[in-house]
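Here is what each chain is made of, one letter per residue.
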Amino acid sequence: MIALAATCISYGFTEIIHCYGFLAVFVTALTFRGTHRTHDFHHDMHDVTEQIERLAMMVLLLLFGGALVSGLLNSVSLTDALIALVILLVIRPITGLIGLTSHRADRSEKLTLAFFGIRGVGSIYYLAYGLNHIHVDAAERLWGLLGLVVLFSIVLHGLTVTPIMRLLDQQHGRDPDKDAPPAVGA
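Values in this document were obtained by computation on a predicted structure and should not be read as measured data.

Here we come to the overall build of the protein chain. Each helix and strand in the protein chain was counted, giving 7 helices and 0 strands. Starting at the N terminus, the α and β elements of the protein chain follow one another as α-α-α-α-α-α-α. When its C-alpha atoms are laid out on the principal axes, the protein chain stretches across 55 × 40 × 40 Å. Each of the 186 residues in the protein chain was classed as buried or not, and the buried ones make up 21%. Restricting the contact set of the protein chain to residue pairs at least 6 apart, pairs at least 24 apart contribute 61%.

Evaluated as defined, the whole model comprises 3 salt bridges. The shortest N-O distance in the salt bridge between Arg174 and Asp169 comes to 3.0 Å. Residue Arg174 is classed as partly exposed on the basis of its relative accessible area of 39%.

With that out of the way, let us pick up helix H1 (residues 2-16). A rise of 1.5 Å per residue sets the reference length of H1, with its 15 residues, at 21 Å; its end C-alpha atoms lie 21 Å apart and thus fit the reference within 8%. Those residues of H1 lying buried are Ala3, Thr7, Ser10 and Thr14. An end-on view of H1 places all buried positions within 65 degrees of arc, on one side of the element. Along H1, the residues that are exposed and aim more than 90 degrees away from the buried face are Ile2, Phe13 and Ile16. Looking one or two residues beyond H1, the residue adopting positive phi is His18, at roughly 60 degrees.

We now examine the nonpolar core. Formed by Phe64, Leu72, Leu127, Leu131, Leu146 and Val150, the largest nonpolar core amounts to 6 residues. Leaving out residues up to four positions away in the same chain, Leu131 has contacts with Val136, Ala139, Leu142 and Trp143. Ala81, Leu145, Leu148 and Val149 belong to the second largest nonpolar core, which has 5 residues in total.

A few words on the confidence of the model for the protein chain. Confidence in the prediction of the protein chain, expressed as mean pLDDT, is 86, and 90% of residues score 70 or more. The least confident element of the protein chain is helix H2 (residues 21-35), whose mean pLDDT is 81; the most confident is helix H4 (residues 78-99), at 94.

Further remarks concern the side chain of Asp80. Topologically, Asp80 is positioned in helix H4. Take Asp80: its relative accessible area is 1%, and that puts it in the buried class. A polar side-chain atom of Asp80 sits 3.0 Å from the main-chain amide nitrogen of Ser77. Excluding residues that lie within four positions of it along the chain, Asp80 makes contacts with Ser75, Arg141, Leu145 and Leu148.

Turning our eyes to something else, we now look at the packing of H4 against helix H7 (residues 139-171). Viewed as axis vectors pointing N to C, H4 and H7 meet at an angle of 55 degrees, and their least axial separation amounts to 9 Å. In this view, H4 runs oblique relative to H7, as classed from their interaxial angle. Seen along the crossing, H4 lies across H7 with a hand that is right-handed. Of H7, the residues touching H4 (which contributes Asp80, Ala81, Ile83, Ala84, Leu85, Ile87, Leu88, Leu89 and Arg92) are Arg141, Leu145, Leu148, Val149, Phe152, Ser153, Leu156 and His157.

This structure, assessed with the given rule, holds 0 disulfides. You can see Cys8 has no disulfide; the closest cysteine sulfur is in Cys19, sitting 18 Å from it.

Let us now look at the packing of aromatic side chains. By the definition in use, this model includes 7 aromatic pairs. Both rings, one in Tyr20 and one in Phe22, keep their centres 6.5 Å apart while their planes meet at 50 degrees; by these two values the pair is tilted. Relative to Tyr129, the ring of Tyr125 lies with its centre 6.1 Å away and its plane at 25 degrees, an arrangement referred to as stacked. On the criterion of helical spacing, the pair formed by Tyr125 and Tyr129 is a turn pair, its members being 4 residues apart in helix H6 (residues 121-133).

Calculation rules
Residues numbered from 1 in each chain as written. Predicted model: local features only at pLDDT ≥ 70, side-chain atom pairs only at ≥ 80, totals over all residues. Heavy atoms only, no water. Helix = DSSP H or I, 4+ residues; strand = E, 2+ residues; numbered from the N terminus. Buried < 20%, exposed > 50% of the residue type's maximum accessible area, 1.4 Å probe, protein only. Contact = heavy atoms within 4.5 Å. Salt bridge = Lys/Arg side-chain N within 4 Å of Asp/Glu carboxyl O. Expected span 1.5 Å × (residues − 1). Arc of directions from axis to C-beta. Core = buried A, V, L, I, M, F, W, Y, C linked by side-chain atoms within 4.5 Å. pLDDT = per-residue confidence, 0-100. Polar contact = N/O pair within 3.5 Å; in protein donor to acceptor, adjacent residues only side chain to side chain. Axes fitted to C-alpha atoms, helices over the stretch in contact; angles between N-to-C directions. Parallel < 35°, antiparallel > 145°, perpendicular 65-115°, else oblique. Left-handed = near helix turned anticlockwise from the far one by under 90°. Disulfide = S-S within 2.5 Å. Phe/Tyr/Trp six-rings, centres within 6.5 Å; stacked < 30°, edge-to-face > 60°.

Pasting the structure below:
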């Protein structure tokens, strides 16, 4: 709760002075993480944060589904669908690999990280932030394109994450079923 309060306070104060609150939250999180890494409570706090993140993601996915049903993709054309695929399958993996150049990991891990990338929720924030600061005639099309990229990402990564991670585990000599919970009824 302290970490959550600190991020909310840093965001609020930064926005009050007309600065970039999203960046303030990032710096606050890094600072908090660095100063509390060796604290006994760190692991418990990490577990709570993961649970909050899962709940927030569930709420965002429900809202996203509502937006899809309400016509988020109505302004999307075939060209936009091709652009979304290029963003998802070419641009994001290439920029991910560039970002991982100094990261110590083998090639298969870097390719996996670059393919899956980071969660696209930040894109929603950035588009909303940008559209609140400038006027764009094609705002609905941008929202539709973003929605399509997120939808494609959810479907593609949802279908591929388990087989790819199993393959990666096997390549590194890890048994992916070792720590798996027992099957229901077993």
